[in-house]
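The primary structure of each chain is shown beneath.
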Amino acid sequence: MNKTRGLTEEAKVLDDFLKQYGRYINRKHALEAREKEIIREFDMPLNAPVNDGMPHGTGSNLGAASLPLQLDEIRTRIHEAQKECAKRYTKVDNVISYLDENTTERAILEKKYIDRLEWSDICASEMLSRTPAIQYWRSGLYILLSFARVQMIVTEHKKSMDG
């Protein structure tokens, strides 16, 4: 079921804007998984014999020689991703902070966009069934859209999505 069905175009753009932190966290996690895979490759001998049953000369297999370079590249990309995640977190948190501190709307938006929880976990933590939780989420989006600064952010984000 598509939860954004029935949202205005502005609310959909705001939803997309708020999801950006999660997208960057997912990207960082993918890079970290790749780093672990490369490290796992290092555990294999660098000059492993080829056992394909065919006779070969006395040369060695240098396929793993590029792993240190790959590992360095991945670590650089992870560091860049961490910095970008921090920027995106700040942007998302700044928008959500327009909601009053102790409201259910804010709690649900924080859990959805910052903590990146599934609806079942959000519902359990807020002691709500799914329908009221989604209603609070939608309400939170529309409250945020009532602020001129958020409207400006949505307009800028829509331009970046289109272009």
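These remarks concern the structure in this document. (Residues numbered from 1 in each chain as written. Predicted model: local features only at pLDDT ≥ 70, side-chain atom pairs only at ≥ 80, totals over all residues. Heavy atoms only, no water.)

### A word on the nonpolar core
1) Next: Within the largest apolar cluster, 29 residues are counted, with the highest numbers of intra-cluster contacts made by Leu14, Leu18, Leu109 and Trp137.
2) Next: Broken down by secondary-structure element, the contributors of at least two residues to this core are α1 (9-42), α2 (67-96), α3 (104-114), α4 (119-126), α5 (130-145) and α6 (148-162).
3) Next: In terms of residue count, the dominant contributor to this core is α1 (seven residues).
4) Next: Sequence-distant contacts of Leu18, that is, excluding residues within four places in its chain, are made with Val92, Val95, Ile96, Leu109, Tyr113, Leu141 and Leu144.
5) Next: Membership of the second largest hydrophobic core comes to seven residues, among which are Leu31, Leu71, Ile74 and Ile78. (Core = buried A, V, L, I, M, F, W, Y, C linked by side-chain atoms within 4.5 Å. Buried < 20%, exposed > 50% of the residue type's maximum accessible area, 1.4 Å probe, protein only. Helix = DSSP H or I, 4+ residues; strand = E, 2+ residues; numbered from the N terminus. Contact = heavy atoms within 4.5 Å.)

### Let's talk about the side chain of Asp15
1) Next: The topology assignment puts Asp15 in helix α1.
2) Next: Within polar-contact distance, the side chain of Asp15 engages the side chain of Lys19 at 3.0 Å. (Polar contact = N/O pair within 3.5 Å; in protein donor to acceptor, adjacent residues only side chain to side chain.)

### Some words on α3
For an α-helix the count is 3.6 residues per turn, leaving residues at separations of three or four pointing the same way.
1) Next: For α3, a buried count of nine out of eleven residues is recorded, marking the element as mostly surrounded by other parts of the structure.
2) Next: All of the buried residues along α3 are Glu105, Arg106, Ala107, Ile108, Leu109, Lys111, Lys112, Tyr113 and Ile114.
3) Next: Taken together, the buried residues of α3 touch α1, α2, α4 and α5.
4) Next: Phi for Arg116, located one or two positions after α3, is positive at around 60°.

### Let's talk about the packing of aromatic side chains
Between two aromatic rings, the relevant description is the distance of the centres plus the angle of the planes.
1) Next: Following the criterion strictly, the structure yields three aromatic pairs and no others.
2) Next: A centroid spacing of 5.5 Å and a plane angle of 65° characterise the contact between Tyr21 and Tyr89, whose relative ring orientation is edge-to-face. Placement of Tyr21 in helix α1 and of Tyr89 in helix α2 is noted, with a sequence separation of 68 residues between them.
3) Next: Using a relative accessible area of 13% as the deciding quantity, one classes Tyr21 as buried.
4) Next: Aromatic pair Tyr98 and Phe147: ring centres 5.0 Å apart, planes at 45°, arrangement tilted. Of this pair, Tyr98 sits in the loop between α2 and α3 while Phe147 is found in the loop between α5 and α6, placing the two residues 49 residues apart along the sequence.
5) Next: According to the relative accessible area criterion, Tyr98 is partly exposed, its value standing at 31%.
6) Next: Residue Phe147 is classed as partly exposed on the basis of its relative accessible area, which comes to 29%. (Phe/Tyr/Trp six-rings, centres within 6.5 Å; stacked < 30°, edge-to-face > 60°.)

### Section: the environment of Lys111
1) Next: Its location among the elements puts Lys111 in helix α3.
2) Next: Take Lys111: its relative accessible area is 17%, and that puts it in the buried class.
3) Next: A C-alpha to C-alpha distance of 6.5 Å links Lys111 and Ile122, two positions eleven residues apart in sequence.
4) Next: In this view, Lys111 contacts Arg116, Leu117, Ile122, Ser125 and Glu126; residues no more than four positions away in its chain are not counted.

### With respect to the packing of α1 against α6
The description of two packed helices rests on the angle between their axes and on the distance between the axes.
1) Next: The geometry of α1 relative to α6 is characterised by a closest axis approach of 9 Å and an angle of 80° between their N-to-C directions. Between α1 and α6, the crossing angle belongs to the class labelled roughly perpendicular. Taking contact as the criterion, the partners of Glu10, Val13, Leu14, Asp16 and Phe17 in α1 are, on α6, Val150, Gln151, Ile153, Val154, His157, Lys158 and Met161.
2) Next: When the residues that make up the contact of α1 with α6 are grouped by side-chain class, the tally is seven nonpolar, two polar and three charged. (Axes fitted to C-alpha atoms, helices over the stretch in contact; angles between N-to-C directions. Parallel < 35°, antiparallel > 145°, perpendicular 65-115°, else oblique. Nonpolar A, V, L, I, M, F, W, Y, C, P; charged D, E, K, R; others polar.)

### Details of unusual backbone geometry
1) Next: Although it is not a glycine, Arg116 adopts a positive phi angle of roughly 60°.
2) Next: Locating Arg116 in the fold gives a position in the loop between α3 and α4.
3) Next: You will see that Met127, though not glycine, has its phi angle at about 55°, which is positive.
4) Next: Structurally, the position occupied by Met127 is in the loop between α4 and α5.

By themselves, these are just geometric observations and shouldn't be taken as functional.
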